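As a plain string of letters, each chain reads:
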Amino acid sequence: MTLPILPTTMVGSYSMPGWLERLKTDYFARRISRHDLDEIHDAAVRSAIKDQEMAGLDIVTDGELRRDNMIDYFVERLPGIQIDRSSKKFYYDFYDSEVLGKIPMAAVGLVEDFRFLLANTERAAKICITGPHSLCKRVRNKHYPSEEALATDIARVMNMELKELVKAGAKYIQIDEPYYSGFPEDINWGVKVLNILVEGVQAKIAVHICYGNRYGKPSWEGSYRYLFPAILDAKVNSLSLEFARRGGEDLDLFREFKVPFELGAGVIDVKDNSVETPDIVAERIRKTMKAVPAEKLYVLPDCGLFHLPRDIAFAKLRAMVEGARIVRKELGK
Amino acid sequence: MGLSGDQDSPGSKLNLHLNHTHKDSAPATTSEVVATVLSLLEDGQMKPAQFARLQIHLDWLQYKHNFREAVTVMQGGEEQGEGAAPMEIRIDSRQVAPGSLRALLQNAMHPAKPDEDTGRIYFEGFRSFRTSIVWEFNRLYWQRLKDWEKATGKSYEQALPGGKSDGNQAQGVAEAAADFWTLLKDLESQNRLPQEVFILEIGVGLGKHAGLWLDRFCALDQGRGTNFYPRLRYLLGDYSLATLEHCRPAVKNHLDLCSFIALDAMDPIKTLSFLRHKVLHVHSTNMYDNLPDEEVVWRDSRIFWVQSRAYLPPGDAARISKACDVAVADIPTIVDRLLDVGIAALPDRAKGMIFWMEVWNAMRTEEKLVDAVDMPDASFPAGLSSAHMEDILRTAPNDLRFHLSPGALESFRNTLPLLHPRGYLQVQDIFATDLQDYSMGFHGPGKLDGSIVNWVNGALLREVAERAGYDLHFAPFKYRPGSKTSVLYTTRRE
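Residues numbered from 1 in each chain as written. Chains lettered and ligands numbered in written order. Predicted model: local features only at pLDDT ≥ 70, side-chain atom pairs only at ≥ 80, totals over all residues. Heavy atoms only, no water.

(A) Structural context of the overall build of chain A. From N to C terminus, chain A includes eleven helices and ten strands. Across the 333 residues that make up chain A, the buried fraction comes to 61%. For chain A, contacts bridging at least 24 residues in sequence account for 77% of all contacts bridging at least 6. Taking the average place of the 48 positive charges on the side chains of chain A and the average place of its 49 negative ones, the gap between the two points comes to 1 Å. (Helix = DSSP H or I, 4+ residues; strand = E, 2+ residues; numbered from the N terminus. Buried < 20%, exposed > 50% of the residue type's maximum accessible area, 1.4 Å probe, protein only. Contact = heavy atoms within 4.5 Å. Lys, Arg positive; Asp, Glu negative; His and termini not counted. Charge placed at Lys NZ, Arg CZ, Asp CG, Glu CD.)

Structure below.
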């Protein structure tokens, strides 16, 4: 499948409908069954895929609507991690989880999600997973001598899962590591475990690093300067960074460090309900192109659209696609 | 307090619920109320079906000055018999003259027919309390505070229960400044201290809190040699330009750091959108309790909206007419003018002032309950969906009347986006921190001088906060003995 120049995609999550939130919470309150919830998830994911197609995205995701949040979906699948299932009242809360022994190698079970996505779209498909650095920050470590050691074992297990995903047809994989921004002092070992995670995975791999989007607000502030030069050692194809909300100052880092990666540039502010016009999006893309050539650019929102109302999320995607088309036209593509 | 007993009629279980009694509440003591109600039942002036679902709230009014008659009766909905909503009788014993309770109860139980002339001067039709004219009077008070203070001879702070605002309590301010310094120190240690440190105060009063806080922070910063003070950007926000002007002298030593910004307390982000996620501390004192409010009743798994209409009792209307040389029939028109131009509504400004005070002091509200199913367009405040409310009420006590606090919720929701990831909101106000609090007594609205005083539903704020990514905490205001104020503060929810 050939992508156009300036391909458009989501970071991962799509708008979480209020009705789905309530049903998920009903499930935790044992008011609906797992079977019913699975069916509900299937319907919601199909709808999210359809919205992305209608908005005109070149690469689609499953909208991550099966996930309660970016952590729990993975920790409850990772073997060897103990979860206190009574620890959450609202579906979006985090479980209390802890690791008491060495994490064994076992399947995580993401392949089914990806197959469902492939079966429901003819567009290029991307699967997104939370990276080991971010996961280890939410798991109480009662076994490993260090966070790095825990993250390394998580990376090994997830590496096997990524290879299974590739076998199932995954060509675009995104690793989410927002906690890098919260713990910049970890960046050297964070990149090391990232490389263990992607070792031998034959797909186009992006790493998404933002400043957090929990409850639709940033968790940290600062500059991407902390990433450099450590991130240059990452064995990934592209970086996905947020620029719409924060402005494009950090784009200078790409020139300063001669960054070899492609860039997934955030051009949609996901923490603001006002919808950007295509012209604003186009201007943001042009600004990015001063630091990174169009051939190495992907066009994305700053982060997941999880917290935005569906109509706004959809309108933002439409504006993003239109903005990309404006610039493609200017480029004669 | 609850009383129950079997009545003679077969199958009729009578429940009489009295609450919030006050030991000094003569003459309407509990026993007198019970005896009076039983005698009305025996005399056939109250139907057994009414009695079977009767609720009496004795001494339910907390505020000496309020919007109620001595005895009011409210019946929810039109249904009769088993499905009938309980009749509520509310008695403010402070207003009940000795020996008058029976007559007052009889009167209240037989309200005038819709077309019957009661002599009351109505200012509006039944509506949500949040859109009532009483809030226009509240606005008038704050916009023309000087006129009121001149007429009463005391400042609005002197009218407060403690004689001054809790927001200006020196030790409380000092500790708040020290807490903020600690946050800045922590951010600095992580190399995350912003170049400009924004602080926002909403509802600035006379500026005393801002002045005290800045004095204290400056001293602390100099004493510890941290040099944070010059980085402060202290924003004083208020909807009244006159108030912003008045508060300047209180911060005269810090004018270089201060900005005076006219903003709507219910929508700070609209004015300050350029500071989204940048403000490290937002403070307000006694502001939420003065934002428009309305109430709902949760009863038998149904939600009722409380609708009200403001009026002047006939005796008060006649008295005001005489005192101010205006015809009774002209009072509503003059009230409109008063709300527009202040005391210049009358040619003689002194009489205009008397008119304002007298109308305000005499103003009452009638109430009725409307089943939510009959008001499909009525909506809960932003941040609270019907489904969300159902979740909240699932575990709430039955027969609960509580504030929705839409003004406070709106302000809260529209302030949170300003907060820096490490920022926090601190609000000193009177909060019902649990829905159960509403079973324990009345929480407003009342009148405090020329303004409205009303408790804020902290329990609903907590729910909205959780969904917005914050945990809310309430701590008693410990710096003034007997204070009913609590301090709300936010912490980030992980």
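(B) Representation of the overall build of chain B. Within chain B, the secondary structure is distributed over 16 helices and 22 strands. In summary, chain B has a C-alpha radius of gyration of 25 Å against a globular reference of 23 Å for 494 residues, a match within 12%. Principal axes of the C-alpha set define a box for chain B whose edges measure 80 × 55 × 45 Å. For chain B, the residues scored as buried account for 54% of the 494 residues in total. Expressed as a percentage of contacts within chain B between residues at least 6 apart in sequence, the contacts between residues at least 24 apart total 77%. Accessible surface, chain B: about 21,500 Å² in total, of which carbon and sulfur atoms supply 50%. Each charge sign in chain B was given a centre, from 53 positive and 64 negative side chains, and these centres are 5 Å apart. (Rg over C-alpha atoms; globule rule 2.2 N^0.38 Å. Areas by Shrake-Rupley, 256 points an atom, 1.4 Å probe, with all protein chains shown as cover.)

(C) Representation of unusual backbone geometry. Omega for the peptide link from F228 of chain A to P229 of chain A comes to 0 degrees, which places this bond in the cis form. Its place among the elements puts P229 of chain A in the loop between β7 (204-209) and β8 (238-242). Backbone torsion omega between G444 of chain B and P445 of chain B reads 10 degrees, so that peptide bond is classified as cis. When you line up the elements, P445 of chain B lands in the loop between β17 (431-432) and β18 (446-448). Within the chain, S301 of chain B stands out as a residue other than glycine whose phi angle is a positive 60 degrees. Structurally, the position occupied by S301 of chain B is in the loop between β12 (295-299) and β13 (302-312). A positive phi angle is found at D325 of chain B, which is not glycine, with a value near 55 degrees. Note on placement: D325 of chain B falls in the loop between α11 (314-324) and α12 (331-341). Classification of D325 of chain B as exposed rests on a relative accessible area of 59%.

(D) Layout of the pairing of β8 of chain A. All names here are of chain A. Burial analysis of β8 places five of its five residues in the buried class, the great majority of the element. Side chains of β8 alternate between two faces, with S238, S240 and E242 and L239 and L241 buried alike. Sheet topology places β7 next to β8; four bridges connect them, and they run parallel. Across the sheet, H208 pairs through a bridge with S240, a residue of β8. Taken together, the five bridges between β8 and strand β9 (residues 262-268) define a ladder with parallel strand orientation. In the sheet register, E242 faces β9, and the bridge partner there is G266. (Pairing = 2+ DSSP bridges.)

(E) View of the sheet that holds strand β5 (residues 140-141) of chain A. Strand order in the open sheet formed by three strands is β2-β3-β5 (chain A), with mixed pairing between adjacent strands. Bordering the open sheet on either side are β2 (81-84) and β5 of chain A, each of which pairs with just one other strand.

(F) Representation of helix α8 (residues 187-198) of chain A in the model. Residue and element names in this part refer to chain A. The end-to-end C-alpha distance of α8, which contains twelve residues, comes to 16 Å, matching closely the 16 Å that a straight helix rising 1.5 Å per residue would cover. Of all twelve residues in α8, nine are buried, a share of seventy percent or more. Turning to α8, its buried residues number three or more, namely I187, W189, G190, V191, V193, L194, N195, L197 and V198. For α8, the secondary structure elements touched by its buried residues are β4 (124-130), α5 (132-136), α6 (147-167), β6 (172-176), α7 (179-182) and β7. Directly after α8, the chain includes G200, whose backbone phi takes a positive value near 75 degrees. (Expected span 1.5 Å × (residues − 1).)

(G) Region of the structure containing empty space enclosed by the protein. All names here are of chain A. The full count for this structure, using the stated rule, is five cavities of 30 Å³ or more. Volume-wise, the largest cavity comes out at about 140 Å³. Surrounding the largest cavity, 14 residues form its lining, K126, Y172, A206, S238 and Y298 being those nearest its centre. Of the residues that constitute the lining of the largest cavity, the class distribution is seven nonpolar, five polar and two charged. (1 Å grid on protein atoms, 1.4 Å probe; cavity = no way out; pocket = protein on both sides within 12 Å on 5 of 7 lines; lining within 4 Å. Points joined across faces, edges and corners; volume = space filled by probe spheres on them. Nonpolar A, V, L, I, M, F, W, Y, C, P; charged D, E, K, R; others polar.)

(H) Focus on the pattern of salt bridges. One pass over the full model with this rule turns up 55 salt bridges over all chains. D272 of chain A is the salt-bridge partner of R276 of chain B, the closest N and O atoms lying 3.8 Å from each other. With one member in each of two chains, R276 of chain B in the loop between α10 (268-271) and β11 (279-285) and D272 of chain A in the loop between β9 and α10 (278-289) form a pair that bridges those chains. Taken together, the shared-partner salt bridges in this structure form one network comprising R68, R90, E295, E367 and R401 of chain B. (Salt bridge = Lys/Arg side-chain N within 4 Å of Asp/Glu carboxyl O.)

(I) Here's a closer look at the interface of chain A and chain B. Between chain A and chain B, the contact holds 22 residues from the first and 17 residues from the second. Carbon and sulfur atoms supply 43% of the area buried between chain A and chain B, which totals about 1,600 Å² over both sides. Three residues stand out in chain A for area buried against chain B, namely Y215, K217 and E221 of chain A, and they jointly supply 34% of the buried area on that side. Run the count over chain A and chain B and you get three salt bridges. Note that D93 of chain A and R493 of chain B form a salt bridge whose closest N and O atoms lie 2.9 Å from each other. The interface formed by chain A and chain B holds nine residue pairs in polar contact (both at pLDDT 80 or more) in total. For the side of chain A that touches chain B, the residue count by class is seven nonpolar, three polar and twelve charged. (Buried area = accessible area lost by both parts, 1.4 Å probe. Polar contact = N/O pair within 3.5 Å; in protein donor to acceptor, adjacent residues only side chain to side chain.)

(J) Spotlight on the packing of α11 of chain B against helix α13 (residues 349-362) of chain B. Residues and elements named next belong to chain B. Two numbers describe how α11 lies on α13: the axes approach to 10 Å, and their chain directions differ by 175 degrees. When the interaxial angle is binned, α11 and α13 end up roughly antiparallel. Across the interface between the two elements, D316, R319, I320, A323 and C324 of α11 pack against K351, I354, F355, E358, V359 and A362 of α13. Here the contact of α11 with α13 is composed, by residue class, of seven nonpolar, no polar and four charged. (Axes fitted to C-alpha atoms, helices over the stretch in contact; angles between N-to-C directions. Parallel < 35°, antiparallel > 145°, perpendicular 65-115°, else oblique.)

(K) Examining the side chain of E124 of chain B more closely. All names here are of chain B. Looking at the element boundaries, E124 is found in the loop between β6 (121-122) and β7 (127-128). A polar atom in the side chain of E124 sits 3.0 Å from the backbone nitrogen of A310. Beyond its immediate chain neighbours, meaning those up to four positions away, E124 contacts T131, S132, I133, S308, R309 and A310.

(L) Representation of the sheet that holds strand β22 (residues 486-492) of chain B in the model. All names here are of chain B. Reading across from one edge, β10-β9-β8-β11-β16-β22-β21 is the order of the seven strands in this open sheet, with mixed pairing throughout. Strands at the two margins of the open sheet, each flanked by one partner only, are β10 (258-262) and β21 (470-476). The average angle at which neighbouring strand axes cross in this sheet is 20 degrees, direction not considered. Inspection of the sheet shows β11 paired to strand β16 (residues 419-429) by six bridges, in the parallel sense.

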